[in-house]
Amino acid sequence: MKLLPAVFCGVVVAGAVLVSPVVHADDQLAASMCDYVKADDKNRLRKVLSDYRLRLRNIYEGVTCNGDSLVRFAIKNNAADVGEFIVKQLPAAQVAASGDVAWAEGNGFASSPLIAVIKERAGGGE
């Protein structure tokens, strides 16, 4: 008869695990990063990366803001300080291969101060 309470407890625990909402820290972290980019708050972006012991180059591909990469989101929101910080944290080859300059020029952001920073980092300076 001791088997019945053990099975019952197992079922209750399993049900609780399946029903309880899962908080995705990664999604919250990405949302915070997007907020900091939009606000052009380089210090808070730097702090959150430091607090979580993250390197931007390691997570850059996985973070999108409204469907855009962090650099493109910075360009759209005229976040020059944060955008420059992001570009300088990425490998030059990745910046060169991103196509961000062509995207910006094709979408009406050719006057963004980040274009010069991207070109310089990519090795195609002005």
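Please refer to the structure placed before this passage.
Everything numeric in this text was worked out from a predicted model, so none of it was measured.

Moving on to the nonpolar core. Core analysis: the biggest nonpolar cluster contains 33 residues, and M33, L45, L70 and I86 have the highest contact counts within it. For this core, the secondary-structure elements that each account for two or more residues are α2 (25–38), α3 (42–51), α4 (56–59), α5 (70–76), α6 (80–89), α8 (100–106) and α9 (114–122). Looking at this core element by element, the count peaks at six residues for α2. Sequence-distant contacts of M33, defined by excluding residues within four places in its chain, comprise L45, V48, L49, L56, I59 and L70.

This part is about the environment of V117. For V117, the position within the fold is in helix α9. A residue is classified by how much of its surface remains accessible, and V117, at 17% relative accessible area, is buried. The spatial distance from the C-alpha of V117 to the C-alpha of V101 is 10.0 Å, given a sequence separation of 16 residues. If we skip the residues at most four places from it in the chain, V117 touches E84 and V87.

About the criteria used
Residues numbered from 1 in each chain as written. Predicted model: local features only at pLDDT ≥ 70, side-chain atom pairs only at ≥ 80, totals over all residues. Heavy atoms only, no water. Core = buried A, V, L, I, M, F, W, Y, C linked by side-chain atoms within 4.5 Å. Buried < 20%, exposed > 50% of the residue type's maximum accessible area, 1.4 Å probe, protein only. Helix = DSSP H or I, 4+ residues; strand = E, 2+ residues; numbered from the N terminus. Contact = heavy atoms within 4.5 Å.

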